[in-house]
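Here is what each chain is made of, one letter per residue.
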Amino acid sequence: MQPNKDNAARSDVLVVDKDKDSLAGLPAVLREAGLQVTHVKSHDETRATLSQMDFSVVVAALEEHHAQKQTLLKVIKSNTPETEVVLVSRSATVDAAVRAMQMGAFHYLPLPENPADLVIVIQKALEKSLLQQELLELRHVLRGQQAMPMLIGKSTKMQALKREIARVAPLDCTVLIQGETGTGKEMVAKMLHRLSLRSGKRFLAVNAGAFNAELLANELFGHEQGAYTGAQRTKAGVFEATHQGTLLLDEIGEMPLGMQVQLLRVLQERTVVRVGGTEEIPVDVRLLAATHRDIEREVERGRFRQDLFYRLNVFTLHLPALRERVDDIPLFCHYFLEKFATSFKKDITGMEDEVLGALMAHPFPGNVRELENLIERAVVLCDGPTIQLRHLPQEFHNAPVMSPHAAQTDEGLLPLAEVERRHILAVLTSVQDNKGQAARILGIDRATLWRKLQRYGLEA
Ligand SMILES: Nc1ncnc2c1ncn2[C@@H]1O[C@H](COP(=O)(O)OP(=O)(O)OP(=O)(O)O)[C@@H](O)[C@H]1O
């Protein structure tokens, strides 16, 4: 079975129901949840469907033949590794679950009385698969197969931001981009430009906080020859240089008050006057402004002109801090790891769970830039196939760790019981199902472990 990947269409869920219609009610429930579902009942149908189409998730209830399950898993995982497989069985045992998960199954669980009980697991599998698909796309980006750099993030907040960017980019209005340092304000500004009608023209960025009023005026508006000592030639400013394009004024909150008046005038008149000159030069520039400050508060404190604020604040984009979208951290880690492993020509395949856990528990005052720098450093220091805790700075070595499983949902955290169930399975898998060793690692006695396995339907 070799689906043609280039042409294969993709659908959400394939339900393989080969065990006496035990999943008969599931397709309807999934469709009600808004998913695209294909329902097959025989081996031949399964083969034919998988050869024509890729699925994000395959849910299979098979008869109790291990070989059959293993074949299905192998075929799916070797053809489309990003497809997640959920296996359902009338008598799920820990042994079988551990084996299936070692072979790459997303989950192996007992057949529930009500098929609707499977929906949450299927949605989680779908999220994981979409993450894998996004990573594949990112790999294409890294290999230069796509021209447009991607704004990474699939958390609810980032998805909402991407929708807002797509909506406001073509409108040609002024946009105020607010967010802490390193949250990607300049990146968003570039995206607004690329998605606008001005994309064929120039994009320039000026740090409005890095100059005093005089130097900034010179930078923005240019100067006439002889305007001041050293001005030997006439020089155009960035407003003229970006004519018909987009200009980002970064750190607008730091702009000296005197300059704010001049900027307001440019926005009203749509002309600039070079320093030392009198001619009003028409400029057609889309202005974007970025700041890490709460400009409204700056207005209240008298540090920012209210009239300029109203001019800039036609549309405001708020970029969430990284700690507000912890569920994006695994994606960033994969992306930066691959980026730096490629550029430093290192054969690094991933990072230990505890590294991801430590990163997810970190508050990241420097946001994405800080994470990017940490991963770059770790890749430089890494001498083996995976990034380990010792490749992070000292402060991370004894820091609290968040389970990478605990933040897999987009909306927030998983119920405690689900985190416990996954952790127990992960520990059992890592010790090849040795229950005594697993109980010791978990810090509980064997009887407690046994009771927990019973409770989660994973009885030995
Ligand atoms: N969503 C994202 N996807 C990919 N890379 C990102 C994203 N957000 C930030 N980055 C990366 O993080 C770094 C910082 O981004 P950027 O310079 O745009 O932040 P900023 O908010 O403008 O920072 P500052 O306020 O300090 O100027 C860059 O290397 C950028 O590529």
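Criteria and cut-off values
- Residues numbered from 1 in each chain as written.
- Predicted model: local features only at pLDDT ≥ 70, side-chain atom pairs only at ≥ 80, totals over all residues.
- Heavy atoms only, no water.
- Salt bridge = Lys/Arg side-chain N within 4 Å of Asp/Glu carboxyl O.
- Helix = DSSP H or I, 4+ residues; strand = E, 2+ residues; numbered from the N terminus.
- Near = heavy atom within 4 Å.
- Polar contact = N/O pair within 3.5 Å; in protein donor to acceptor, adjacent residues only side chain to side chain.
- Areas by Shrake-Rupley, 256 points an atom, 1.4 Å probe, with all protein chains shown as cover.
- Patch = residues over 30% accessible without salt bridge, like charges linked within 9 Å, V, L, I, M, F, W, Y side chains within 5 Å.
- Phe/Tyr/Trp six-rings, centres within 6.5 Å; stacked < 30°, edge-to-face > 60°.
- Buried < 20%, exposed > 50% of the residue type's maximum accessible area, 1.4 Å probe, protein only.

Engineer: Describe in detail the pattern of salt bridges, supporting the description with residues and values.
Structural biologist: One pass over the full model with this rule turns up 16 salt bridges. Across the pair Glu-280 and Arg-265 runs a salt bridge, and its minimum N-O distance is 3.9 Å. Pair noted here: Glu-280 is in the loop between β11 (271–272) and β12 (281–282) and Arg-265 is in helix α10 (residues 257–269), with a separation of 15 residues, a long-range link. If you follow the salt bridges from partner to partner, you end up with Lys-77, Glu-84 and Lys-128 in one network.

Engineer: I'd love a proper account of the site of the ligand, names of residues and values included.
Structural biologist: Around the ligand, a shell composed of 18 residues is seen, among which Ile-152, Thr-181, Lys-185, Arg-369 and Glu-372 lie nearest. At 3.0 Å, a backbone N or O of Gly-182 approaches an oxygen atom of the ligand. Contact distances for the ligand include 3.3 Å between an oxygen atom and a backbone N or O atom of Thr-183. Against a free-state accessible area of 620 Å², the protein chains account for coverage of 84% of the ligand.

Engineer: Could you give an account of a nonpolar patch on the surface, with specific residues and numbers?
Structural biologist: Together, Phe-344, Val-380 and Leu-381 make up a nonpolar patch on the protein surface, roughly 250 Å² of accessible area in all. Topologically, Leu-381 is positioned in helix α15 (residues 367–381).

Engineer: Go over the packing of aromatic side chains with me, naming the residues and quoting the values.
Structural biologist: Summed over the entire model, instances satisfying the criterion amount to six aromatic pairs. A centroid spacing of 6.0 Å and a plane angle of 20° characterise the contact between Phe-221 and Phe-239, whose relative ring orientation is stacked. You can see Phe-221 sitting in helix α8 (residues 213–221) and its partner Phe-239 sitting in helix α9 (residues 238–241), a full 18 residues away along the chain. Assessed through its relative accessible area of 4%, Phe-221 is described here as buried. Centroid distance Phe-332 to Phe-336: 5.7 Å. Interplanar angle 10°. Geometry classified as stacked. Taken together, the residues Phe-332 and Phe-336, both in helix α13 (residues 329–343) and four residues apart, mark about one turn of the helix.

This is a description of form; function is not addressed.
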